[in-house]
Amino acid sequence: RSVAAGALILSVTTVIITFSRAGFLTLSAIAILSMIFFVKRRAPAVAATMVAATLTIVPLLPSGYMERLSTITDFEADPTGSAQGRWSDYRVASRFVVANPVLGAGIGQDILALDRLRARVTWRSIHNAYLEYAVDLGLPGLLLFLWLLVAAFRSARRVENRTSTEPSLRDLCLLASSVQIALAAFAVAAFFHPIAYQFYFFCVAGLAVALRNACIAELSPVSAGSR
């Protein structure tokens, strides 16, 4: 728990000092889903503590932080040009997908494919995992990934539902809830990062599969008899 708390503090601090808009949205998704989880688990005191901690952090935010967050919706207000560049890349990637909806450019080829359509060569991957899959693998590849994401989430959700009434399986239930929050956080972060082939999703999806297998083993007649 100490290691997890330290990692959480470091993550929040890093998101703030780097002025990361994507990090802010991902942390917001985690916080909202965590509060819903604590309310469902009848732990409103923990949810209230999270709200109090958030309100305590707001006055400590660095100068210009709120202005940076405002560029999430107002792209033209970003003085760095980052928001405008990403929005331009989204449009270029969308045009490529429309022109190549089935086969795409090939796995890992989004940089080369998009540089042919950009106004200038940037050697930059599209900062959106969904568009990264669509550009590389076409719409079938994107749909396959979305199916895997939904399947992993539903698997963890089923484990949570099946173990929520079993006091002896409380750890499995808590882990299932955590996996759902992690998958939802990835789904948000994937809109803003080129992480299609990195380990983040696959590690959490693997946990969802392991949860399902552990739940089946724990609820089987042999396991029930041994308990």
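Treat the numbers as computed from the prediction; the structure is a model and nothing was measured.

Each value, and the rule that gives it
- Residues numbered from 1 in each chain as written.
- Predicted model: local features only at pLDDT ≥ 70, side-chain atom pairs only at ≥ 80, totals over all residues.
- Heavy atoms only, no water.
- Helix = DSSP H or I, 4+ residues; strand = E, 2+ residues; numbered from the N terminus.
- Buried < 20%, exposed > 50% of the residue type's maximum accessible area, 1.4 Å probe, protein only.
- Axes fitted to C-alpha atoms, helices over the stretch in contact; angles between N-to-C directions.
- Parallel < 35°, antiparallel > 145°, perpendicular 65-115°, else oblique.
- Left-handed = near helix turned anticlockwise from the far one by under 90°.
- Contact = heavy atoms within 4.5 Å.
- Nonpolar A, V, L, I, M, F, W, Y, C, P; charged D, E, K, R; others polar.
- Core = buried A, V, L, I, M, F, W, Y, C linked by side-chain atoms within 4.5 Å.
- pLDDT = per-residue confidence, 0-100.
- Salt bridge = Lys/Arg side-chain N within 4 Å of Asp/Glu carboxyl O.
- Expected span 1.5 Å × (residues − 1).
- Polar contact = N/O pair within 3.5 Å; in protein donor to acceptor, adjacent residues only side chain to side chain.
- Phe/Tyr/Trp six-rings, centres within 6.5 Å; stacked < 30°, edge-to-face > 60°.

1. Digging into the overall build of the chain
The helix and strand inventory of the chain stands at ten helices and zero strands. Order of helices (α) and strands (β) in the chain, N terminus to C terminus: α-α-α-α-α-α-α-α-α-α. In terms of overall dimensions, the chain has a C-alpha envelope of 65 × 50 × 25 Å along the principal axes. Scored against the burial criterion, the 227 residues of the chain give a buried share of 33%.

2. Quick notes on the packing of helix H5 (residues 82-99) against helix H7 (residues 129-163)
Contact pair H5 / H7: the axes reach a minimum separation of 9 Å and the direction vectors enclose 15°. By the angle between their axes, H5 is roughly parallel relative to H7. For the element pair H5 and H7, the recorded crossing hand is left-handed. Taken together, the residues of H7 that come into contact with H5 (itself represented by Tyr90, Ala93, Ser94, Phe96 and Val97) are Leu131, Ala134, Val135 and Leu139. Split into classes, the residues belonging to the contact of H5 with H7 amount to eight nonpolar, one polar and no charged.

3. A word on the nonpolar core
One finds Leu114, Tyr130, Val135, Val179, Leu183 and Phe201 to be the most contacted residues of the largest nonpolar core, which totals 36 residues. Those elements giving two or more residues to this core turn out to be H5, helix H6 (110-115), H7, helix H8 (170-189) and helix H9 (199-219). With twelve residues, the top contributor of residues to this core is H7. When near neighbours in sequence (up to four residues on either side) are disregarded, Phe201 contacts Phe145, Leu148, Leu149, Leu183 and Phe186.

4. Side note on the confidence of the model for the chain
Confidence in the prediction of the chain, expressed as mean pLDDT, is 88, and 97% of residues score 70 or more. Taken element by element, the predicted model of the chain shows its lowest mean pLDDT in helix H10 (residues 221-226) (52) and its highest in H7 (95).

5. What to know about the pattern of salt bridges
One pass over the structure, following the stated rule, counts five salt bridges. Where Lys40 meets Glu160, a salt bridge forms, and the shortest distance between an N and an O atom there is 3.8 Å. Of this pair, Lys40 sits in helix H2 (residues 21-40) while Glu160 sits in helix H7, and the two are 120 residues apart along the sequence. A relative accessible area of 51% places Lys40 in the exposed class. According to the relative accessible area criterion, Glu160 is buried, its value standing at 8%.

6. A look at H7
Taking 1.5 Å per residue as the helical rise, H7 with its 35 residues ought to reach 51 Å, whereas the 33 Å between its terminal C-alpha atoms falls clearly short. The opening residue of H7 is Asn128, an N-cap whose side-chain oxygen sits 2.9 Å from the backbone nitrogen of Tyr130.

7. Some details on the packing of aromatic side chains
This structure, assessed with the given rule, holds 13 aromatic pairs. Ring centres 5.4 Å apart and planes at 65° place the aromatic pair Phe19 and Tyr65 in the edge-to-face group. Of this pair, Phe19 sits in the loop between helix H1 (2-17) and H2 while Tyr65 sits in helix H4 (residues 65-70); the two residues are 46 residues apart in sequence, bridging distant segments of the chain. Overall, Phe19 belongs to the partly exposed group, its relative accessible area being 21%. By relative accessible area, Tyr65 is classed as buried at 3%.

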